[in-house]
Number of protein chains: 2
Amino acid sequence: MAKRTAITPTRAEDYAQWYQQVIKAAELAETSSVRGCMVIKPWGYGIWENMQAILDQRIKALGHSNIYCPLFIPLSHLQREAEHVEGFAKECAVVTHHRLEKNADGELVPAAPLEEPLVVRPTSETIIGETFARWAQSYRDLPILVNQWANIVRWEMRTRMFLRTTEFLWQEGHTAHATAEEAQQETLMILDLYHDFVNDVMAIPCIKGEKTANERFPGAVNTYCIEAMMQDQKALQAGTSHFLGQNFAKAFDIKYLSAAGHEEYVWTTSWGSSTRLIGGLIMTHSDDDGLVLPPRIAPLHAVILPIIHKEADQQRIMDYCQQIAASLREQQYQGSNIKVRIDDRDMRGGEKAWHWVKKGVPLRLEIGAKECDAQMISVSRRDRAYNDRQKLALNELSATIAKELADLQQHIHQRALANRDQHTHHFDNKDAFYDFFKQSNGFVYAHWCGDGGVESQLQHDLGVTIRCLPLADPQPGACIFTGKPSAQQAIFARAY
Amino acid sequence: MAKRTAITPTRAEDYAQWYQQVIKAAELAETSSVRGCMVIKPWGYGIWENMQAILDQRIKALGHSNIYCPLFIPLSHLQREAEHVEGFAKECAVVTHHRLEKNADGELVPAAPLEEPLVVRPTSETIIGETFARWAQSYRDLPILVNQWANIVRWEMRTRMFLRTTEFLWQEGHTAHATAEEAQQETLMILDLYHDFVNDVMAIPCIKGEKTANERFPGAVNTYCIEAMMQDQKALQAGTSHFLGQNFAKAFDIKYLSAAGHEEYVWTTSWGSSTRLIGGLIMTHSDDDGLVLPPRIAPLHAVILPIIHKEADQQRIMDYCQQIAASLREQQYQGSNIKVRIDDRDMRGGEKAWHWVKKGVPLRLEIGAKECDAQMISVSRRDRAYNDRQKLALNELSATIAKELADLQQHIHQRALANRDQHTHHFDNKDAFYDFFKQSNGFVYAHWCGDGGVESQLQHDLGVTIRCLPLADPQPGACIFTGKPSAQQAIFARAY
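It should be emphasised that the depicted structure is a prediction, and the values quoted were computed from it without experimental measurement. (Residues numbered from 1 in each chain as written. Chains lettered and ligands numbered in written order. Predicted model: local features only at pLDDT ≥ 70, side-chain atom pairs only at ≥ 80, totals over all residues. Heavy atoms only, no water.)

(A) Up close: the overall build of chain A. Looking only at helices and strands, one finds 14 helices and 27 strands in chain A. For 496 residues, the compact-globule estimate of 2.2 N^0.38 gives 23 Å, and the C-alpha radius of gyration of chain A, at 26 Å, lies within 12% of that figure. Principal-axis analysis of the C-alpha atoms gives chain A an extent of 80 × 65 × 60 Å. Across the 496 residues that make up chain A, the buried fraction comes to 59%. In chain A, once contacts between residues fewer than 6 apart in sequence are set aside, the share between residues at least 24 apart is 68%. Of the roughly 19900 Å² of accessible surface on chain A, 47% is carried by carbon and sulfur atoms. Between the averaged position of the 52 positive side-chain charges in chain A and that of its 61 negative side-chain charges there is a distance of 5 Å. (Helix = DSSP H or I, 4+ residues; strand = E, 2+ residues; numbered from the N terminus. Rg over C-alpha atoms; globule rule 2.2 N^0.38 Å. Buried < 20%, exposed > 50% of the residue type's maximum accessible area, 1.4 Å probe, protein only. Contact = heavy atoms within 4.5 Å. Areas by Shrake-Rupley, 256 points an atom, 1.4 Å probe, with all protein chains shown as cover. Lys, Arg positive; Asp, Glu negative; His and termini not counted. Charge placed at Lys NZ, Arg CZ, Asp CG, Glu CD.)

What follows is the structure, encoded as structure tokens:
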């Protein structure tokens, strides 16, 4: 008989459905009555808040300040950069009216048409362009380094919670520089920031690379990205950083007076990471029992579960739990206090423990009369089997807990890395490439000559795209599709 | 000759224009190309971030969790609570289309009409109603205590930066309870939270009260508010907390199974505070030289201004400044480290000092060769005259700085309180009331019988409204307009 799992179906049975069920069981988010928009519930939003706090601190440490720009973009503004508007036109939600009034039938309808339609921001380069044009007057005003936390709307035909939603939350950085070199440096510095955050904090291994022309951000000169492999061996783009050259500077007339007294266009960048990362988190670490959270962004590090069989034991068990909680809260993990909660709800012990398993809390501390008498704690780690309990003496707890969290963080990172390594292949001929993707998913390294037609063919034949041209160690060779010279291998995969 | 001021015009010359000029000089925000929407600049957003951090912590300490709900509300949803939609219909921005396409003339136009128009949230009670209907199943699910930080759109005919903008940022709390008493208690608990935050943290004295039926939130049973007096003696509503009774529970069918096994409607509350408070901050504390910031929410507590006349002095003055900065950063004020910056830009000393005066930084520390030699610091406080410098020995600095900040915080609060006291009046007859408001602004306490017709008349005759029925110490009397019995005095004023 198959082992019972907390999530039905399992990953092997139906990966897409398993994903939705993990979200539901962990109480991360739910669909709303608005097409493609979700309600992010306290546990899901708590994860986002922790991600925000760390990202925000790192972005500020590199000299950026937060600002806030309008939600709406006048249609005429969006059109000022031609490639940009073309790239986003299909995804725009448009405000055309203000004011609701009753019509002759007594129905409430939009009443006052706007002189100019307003697009709900699908990204803010154009509104930033107009803003930077006011801010960049002299070379003394440069660089301009800003970031904003905002909601974004992109009308998507097929939506999936966190991964692709009509509305999502993100941070978008925007910078303006005096030279191309400085802007390029910024673009790659932020790519490193994203890589380190996703890799180290979210424990999701990812590869830094450059997008091909086909996959570039509309209006960018270069788009850089980090790409991660999910447990179904499909790719997820986990953050992008764009060198925009002078495209937006020219479209929005962002000029400054140089030290030498000349009028020059600035060089700009933009970069973003979003709630989509939570989708990547789920698909990287979770198992058939539900969510698994990296301790560095978990809303709770540990939950204490009092197990009370006799009423007479209640007081001393609860006192002991309080003592443990107080002692843990004084311990540090990654520079802040351990976050711990005692779950004393009136509920069966097994049901309660599984509740926290499904939510992905890193450590469960079970405390019954036996533990209380022996001044012990029974500790279960979310990355180990449900019944795999470690007995700790109370006086060992302080020294152990941060170590266990660090170890869990490292273990799930290594597990994800092993999954990626196992499903990464190098092919030097087209037939092997096609044979592989007809049956499997994974990352395939192969030489490619740079021809966009090849990309279209692969998309059509296999649903496979070039995820990136990895930045590390490029070696020349011959394109496996055309035989032409190739500057380096590309990474091919099916992607979310 | 009149004393030169950094802001032109002065408050006395043109209060409304002075307000705009303070915002500009302090680099808080600027208008954008989108009607009624502003760009919040780093200094303004830094203030908002500090406000958010403190409010968020206090809201969470009372047991609330953050969530995120969709930006859009289907038109049919908004209509489910009749008073609610009527109250907001005029202010709604409406998304009617998605997708942009070129028309026959090659112009980009909204292309795909939505089946149902989507209103951009003017507040989230309706989307929350639908959500709570899913969440509240059993009495065990209650209370539901959530909050969200979000952007809000209300189409306003006349806008003014921070005070009334088409888009603004806020937090909105939403709760559901098993009993009316519990919901009422929550409503007043949050009113206290807002009062203490605005009064203690923002140093803006405010009065807790209840709104009249005319001024209630659309759909509420009771609306409570805090009201503050600005320097032009007009009132500003600085936060509201609503007891919604079962109005939204019935409109959205939010029912739960009670412990006794009956299906019952929940009782709900909602409450909000917004970037409008920054407008109140400006109008309460600022002077004719620009912004004055309460230290508890200032992005910087102190700025160090090196004054270098000879190049030979540069190194030792800068070293001394670094030493002072390091020592200050180890000091605590209100539980976090003192935030200090050395401004070593190449700029005239006077210009530089005035830059920070206009931005409202609480303390300016001027350090020249003389201070360096004597191991002294010259300290200027933003709430005192520009030339009023205090000489401190280096070894006194640590002990003094937090004290000076606390003293400044208290001083500007008392100054605001004195302004309010000076311009608060009690009238016991209608003629005196009319005479006063024909010539002046201020808070007027007067007995009122509860007749909404009187309110409309006063609005029409004088542009005066009832700001609130203050909660403190109600005493019965006779209405000064009708002679009928009055349960308590109301506060009358012109308002923003």
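(B) Structural view of the pattern of salt bridges. Residues and elements named next belong to chain A. This structure, assessed with the given rule, holds 48 salt bridges over all chains. Across the pair glutamate 101 and arginine 99 runs a salt bridge whose closest N-O atoms are separated by 3.4 Å. Here glutamate 101 falls in the partly exposed class, since its relative accessible area comes to 38%. Between arginine 316 and aspartate 313 there is a salt bridge, and its shortest N-O distance comes to 3.3 Å. Here the salt bridges share partners, and the residues they tie into one network are Arg381, Asp383, Arg384, Glu404 and Asp407. (Salt bridge = Lys/Arg side-chain N within 4 Å of Asp/Glu carboxyl O.)

(C) Geometry of the sheet that holds strand E15 (residues 302-306) of chain B. Residue and element names in this part refer to chain B. Spatially, the 5 strands line up as an open sheet ordered E18-E15-E19-E20-E21, and their pairing is mixed. Here the strands that pair on one side only, and so sit at the sheet edges, are strand E18 (340-342) and strand E21 (389-393). Each neighbouring strand pair of the sheet contributes to a mean axis angle of 25 degrees, computed without reference to strand direction. With 5 bridges connecting them, strand E20 (residues 376-381) and E21 associate as antiparallel partners. (Pairing = 2+ DSSP bridges. Axes fitted to C-alpha atoms, helices over the stretch in contact; angles between N-to-C directions.)

(D) Geometry of the interface of chain A and chain B. At the interface, 61 residues of chain A touch 61 residues of chain B. Between chain A and chain B, roughly 5100 Å² of surface is buried when both sides are summed, and carbon and sulfur atoms account for 65% of that area. Close ionic contact of arginine 134 of chain B with glutamate 30 of chain A constitutes a salt bridge, the shortest N to O distance being 2.7 Å. At the boundary of chain A and chain B, one finds 30 residue pairs in polar contact (both at pLDDT 80 or more). Ranked by residues supplied to the side of chain A that touches chain B, first place goes to strand E5 (residues 93-102) of chain A with 8 residues. Split into classes, the residues belonging to the side of chain A that touches chain B amount to 36 nonpolar, 12 polar and 13 charged. Inspection of the sheet shows E5 of chain A paired to strand E5 (residues 93-102) of chain B by 5 bridges, in the antiparallel sense. Its bridge partner lying in E5 of chain B, histidine 98 of chain A is registered against alanine 93 of chain B. (Buried area = accessible area lost by both parts, 1.4 Å probe. Polar contact = N/O pair within 3.5 Å; in protein donor to acceptor, adjacent residues only side chain to side chain. Nonpolar A, V, L, I, M, F, W, Y, C, P; charged D, E, K, R; others polar.)

(E) Molecular detail of helix H8 (residues 276-285) of chain B. Of all 10 residues making up H8 of chain B, 10 are buried, and the element is well covered by its neighbours. Here H8 of chain B has its buried residues at Arg276, Leu277, Ile278, Gly279, Gly280, Leu281, Ile282, Met283, Thr284 and His285 of chain B.

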